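Chain by chain, the residues run as shown.
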Amino acid sequence: IFELLRRALLDAAKAEILDDAGLSDQQIENAWVFLLAVRRRHKNRRKRIGECTQAVRSNLSWCRVFHQSAVVQASLASFGEDVQAEILGLLEEPPPPPAEGGPL
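Cut-offs used in this document
Residues numbered from 1 in each chain as written. Predicted model: local features only at pLDDT ≥ 70, side-chain atom pairs only at ≥ 80, totals over all residues. Heavy atoms only, no water. Salt bridge = Lys/Arg side-chain N within 4 Å of Asp/Glu carboxyl O. Helix = DSSP H or I, 4+ residues; strand = E, 2+ residues; numbered from the N terminus. Buried < 20%, exposed > 50% of the residue type's maximum accessible area, 1.4 Å probe, protein only. Expected span 1.5 Å × (residues − 1). Arc of directions from axis to C-beta. Contact = heavy atoms within 4.5 Å.

A. How the structure looks around the pattern of salt bridges. Using the criterion set out here, one finds seven salt bridges in the structure. Between Glu86 and Arg39 there is a salt bridge, with the nearest N and O atoms lying 3.0 Å from each other. A residue pair is termed long-range when its members are at least 10 positions apart, and Glu86 in helix α6 (residues 81–92) and Arg39 in helix α2 (residues 25–41) qualify at 47 residues. In terms of burial, Glu86 and Arg39 fall into one category: buried. One network of salt bridges, in which partners are shared, links Glu3, Arg6, Arg48 and Glu51.

Below, the structure is given as structure tokens:
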């Protein structure tokens, strides 16, 4: 299930259709809780969770739900400070510059 969600998030972000997905706040909250649970249980998926976080960081709905949901914040707070900082840092990093020769 995780790999399906990851691929869907990466594809939707790349195609710039994440806003068009029509997801409710509850569905987004559930996705965040799932991603954080995967991060907790499978430390070897750290990089893949990071990819998902970076894919949704420019989406207002995903960021709003992440920061305003008591359930998501409780899940985040259950991690150590290092993991919390890692996840928050991924959300706050500016997107990478476009590849050379790509659109500006």
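B. Structural detail: helix α1 (residues 2–14). For α1, spanning 13 residues, the distance from its first C-alpha to its last is 18 Å, which sits close to the expected 18 Å at 1.5 Å a residue. All of the buried residues along α1 are Phe2, Leu5, Arg6, Leu9 and Ala12. An end-on view of α1 places all buried positions within 140 degrees of arc, on one side of the element. Away from the buried face of α1 by more than 90 degrees, exposed residues Leu4 and Lys14 are located. Directly beyond the C-terminal end of α1, a positive phi value near 55 degrees is found at Glu16.

C. Representation of the environment of Val56 in the model. With respect to the helices and strands, the residue Val56 is situated in helix α3 (residues 46–56). As a C-alpha pair, Val56 and Leu9 span 47 residues in sequence and 7.2 Å in three-dimensional space. Not counting the four nearest positions on each side in its chain, Val56 is found in contact with Leu9, Leu18, Trp32, Trp62 and Cys63.

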